[in-house]
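Listed below, chain by chain, are the residues.
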Amino acid sequence: MRKETKNFIVTLTYVCFTAFFVAMCICAGLNPRAQSESERRPLAQFPENITAKGLFDGSVIEKFDAFTVDQFPLRERFRGLKAAFQYQVLGLKENNGLALQDGYFAKITPEFTEGLVDGSIERLSYVYEKLVSGKTYVCLVPDKNYYLGRDYGYPMPDYEAVIQKLQTALPGAQYVDIFDALSLESYYRTDTHWRQERLLPVAEKLCAALGVPVGKDYTKNTLEGFKGVYYGQSAMSPEPDALVYLTNDTLADCTVYDYETGKHTGIYNPEKFGGKDGYDVFLGGTKALLRIDNPNAKIDRELVVFRDSFGSSLIPLLVQGYQSVYVVDIRYVMPDALPQYIDMGGKDTLFLYSGLILDQKAFK
């Protein structure tokens, strides 16, 4: 084949390939996707209200750049190729800040953001001083990054410093250490949350501190195909987890009252497994204020738990010793409004928060 013919074929292939991608980019731009289901986030859209000021200060270009990246054709396939190359070819243990160790995905967090953590703890201190009058307990939930750091040498934030700040901010509250009751295997491989069936040692520690009996005689119920938040973020299409929830006679008789909807439900909502977040099986997912009533309680005691989403799967394991358990998420309800619904006098109080949430600007 003559040199001129080879050059022509190469040039034609390049032009066709470029034209094909230009056409795909135009089609993608004309019909942009609003949401990335795999990453669970909204995708950037074409910039609106373009002004001369925006063009000169670069804000329009920044928005357009984000739009082209998010709406790039075959974006999910390219994300997967990049992740596979990082993990499998280069042998790296992280991709875009997401570590992969023994099949477990976790965010690498070298350190907490001091201002965010201090602000979160200050909010908890306000709740403690304003509302709490009975026996009080505080428990910090570690992320998977703690066990990656402890067992595999990954960088990890200073949890001990956060614990000390919590103890200072909530004087008189008893700190319950659950770090040694957990391991990397206590968490889902594809999600941030912990596995309920692995939390019995944690429940035993907390119940011992609270002075109430721990639940027993649990039956495991398994839902296959749980795809946690890291399933899509990893771009690797890993094998989904199995979600297991524990039931017994006590939990079967309990009812959950949702103050927002005014409806009663059960502790578990397996019908929500097929929704956006399968973890919503536990206590129905994100809720501002719930009350769990246990008609089989042997003693007249009540508990108030200020919690984040980690509490959804742990709190059912604590209800054995209480007549009622109030479940409060101050990310969605103002603390000053709580006396309208809860008489805090004489009730036990548990602050149960993950380091992940304290490291965010999440509280009202």
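Let us look at the structure shown here. (Residues numbered from 1 in each chain as written. Predicted model: local features only at pLDDT ≥ 70, side-chain atom pairs only at ≥ 80, totals over all residues. Heavy atoms only, no water.)

Some points on the sheet that holds strand S5 (residues 104-107)
Counted only if it meets this: Here the rule is simple: two strands pair whenever DSSP picks up at least two bridges between them. Going along the chain from the N terminus, every DSSP run of H or I of four or more residues is numbered as a helix, and every run of E of two or more is numbered as a strand.
The sheet built from three strands is open, its strands ordered S3-S4-S5 with antiparallel pairing. Lying at the two open borders of the sheet, with one neighbouring strand each, are strand S3 (94-95) and S5. The pairing of strand S4 (residues 98-101) with S5 spans four bridges and is antiparallel. Residue pairing for S5: Leu-98 is matched across the bridge by Lys-107.

Structural notes on the layout of surface pockets
Unoccupied space between atoms shows up once a probe the size of one water molecule is rolled over them. Our working rule: Definitions used for this entry: grid spacing 1 Å over protein atoms alone; cavity, a set of points where a 1.4 Å probe fits but cannot get out; pocket, an open set with protein on both sides within 12 Å along at least 5 of 7 lines; lining residue, one with an atom within 4 Å of a point. Grid points are joined across faces, edges and corners, and a volume is the space filled by probe spheres set on the points.
Space inside the largest pocket adds up to approximately 680 Å³. Lining the largest pocket we find 33 residues, and of these Thr-192, His-193, Ser-309, Arg-331 and Ile-357 sit closest to its centre. Mapped by element, the contributors of at least two residues to the lining of the largest pocket are helix H9 (229-233) and helix H12 (355-358). Ranked by the residues each element gives to the lining of the largest pocket, the list is headed by H12, at three residues.

Quick word on the packing of helix H5 (residues 114-131) against helix H7 (residues 159-169)
Definition in use: An axis is simply a line fitted to the C-alpha atoms; with a helix, the fit covers only the stretch in contact. Between two such axes, the angle follows the N-to-C directions and lies from 0 to 180 degrees. An angle counts as roughly parallel when it lies under 35 degrees, as roughly antiparallel when it exceeds 145, as roughly perpendicular when it falls between 65 and 115, and as oblique in every other case. Whether a crossing is left-handed or right-handed is set by the direction in which the near helix is turned from the far one by less than a right angle, anticlockwise for left-handed and clockwise for right-handed. Whether two residues touch is decided by their heavy atoms; if any such pair falls within 4.5 Å, the residues are in contact. Polar here means any residue other than Ala, Val, Leu, Ile, Met, Phe, Trp, Tyr, Cys and Pro, which are nonpolar, and Asp, Glu, Lys and Arg, which are charged; Gly is therefore polar.
Orientation of H5 relative to H7, taken along the N-to-C sense of each, is 30 degrees, at an axis distance of 9 Å. Overall, the two elements H5 and H7 adopt an arrangement that is roughly parallel. When you trace H5 past H7, the crossing you get is right-handed. On the side of H5, the interface is formed by Glu-114, Val-117, Asp-118, Ile-121, Leu-124, Ser-125 and Tyr-128, while H7 contributes Val-162, Lys-165, Leu-166 and Ala-169. Of the residues in the contact of H5 with H7, the class split is seven nonpolar, one polar and three charged.

Re H5
Each α-helix winds once per 3.6 residues, and so residues spaced three or four apart point in a common direction. How we decide: The span one expects for a helix is its residue count, reduced by one, times 1.5 Å. Partly exposed residues are those whose accessible area sits between 20% and 50% of the maximum for their type, while under 20% is buried and over 50% is exposed, using a 1.4 Å probe and protein chains only. Note that the arc is defined by the directions from the helix axis to the C-beta atoms.
Given a rise of 1.5 Å per residue, 18 residues ought to cover 26 Å, and the 26 Å separating the end C-alpha atoms of H5 matches this to within 8%. Buried residues of H5: Val-117, Ser-120, Ile-121, Leu-124, Ser-125, Val-127, Tyr-128 and Leu-131, and no others. All buried residues of H5 lie within an arc of 165 degrees about the axis, which places them on one face of the element. In H5, the exposed positions that point more than 90 degrees away from the buried face belong to Glu-114, Gly-115, Glu-122, Glu-129 and Lys-130. Tucked inside the fold, the buried residues of H5 contact strand S6 (136-141), H7, strand S13 (302-307), strand S15 (348-354) and H12.

Looking at the packing of aromatic side chains
By convention here, two paired aromatic rings are described through the distance between centres and the angle between planes. The cut-off we apply is this: Here is the rule: rings of Phe, Tyr and Trp (six-membered ring for Trp) pair when centre to centre is within 6.5 Å. Planes less than 30 degrees apart are stacked, more than 60 are edge-to-face, and the remainder are tilted.
Evaluation of the coordinates by the stated rule reveals 16 aromatic pairs. Relative to Tyr-159, the ring of Phe-112 has its centre 5.2 Å away and its plane inclined at 85 degrees; by these criteria the two rings are edge-to-face. Of the two residues, Phe-112 sits in the loop between S5 and H5 while Tyr-159 sits in helix H7, which places them 47 residues apart along the sequence. Neither residue differs from the other here; Phe-112 and Tyr-159 are each classed as buried. Ring centres of Tyr-146 and Tyr-159 lie 5.6 Å apart, and the angle between their planes is 90 degrees; this geometry places the pair in the edge-to-face category. With Tyr-146 in helix H6 (residues 144-152) and Tyr-159 in helix H7, this pair connects stretches of sequence that are 13 residues apart. The burial state of Tyr-146 is the same as that of Tyr-159; both residues are buried. Three or more aromatic residues link up through ring pairs in this structure, and these residues are Phe-112, Tyr-146, Tyr-147, Tyr-159, Phe-179 and Tyr-187.

Let's talk about the sheet that holds S13
The eight strands lie next to each other as S7-S6-S15-S13-S14-S12-S10-S11, forming an open sheet whose pairing is mixed. Every other strand in the sheet has two partners, leaving strand S7 (174-175) and strand S11 (263-265) as the edge strands with one partner each. The pairing of S13 with S15 spans five bridges and is classified as parallel. Within S15, the residue paired with Val-305 across the bridge is Leu-350. Set on the sheet, H5 makes contact with S6, S13 and S15; between it and S15 the angle comes to about 175 degrees. Seen against the sheet, helix H8 (residues 200-210) touches S6, S7, S13 and S15 and runs at an angle of roughly 165 degrees to S6.

Observations concerning unusual backbone geometry
Although it is not a glycine, Asp-102 sits at a positive phi angle of roughly 55 degrees. Secondary-structure assignment places Asp-102 in the loop between S4 and S5. Positive phi values are uncommon outside glycine, yet Leu-283 reaches one of about 55 degrees. Tracing the backbone shows Leu-283 in the loop between S11 and strand S12 (289-293). Overall, Leu-283 belongs to the buried group, its relative accessible area being 4%.

Interpretation in functional terms is not warranted from these geometric data alone.
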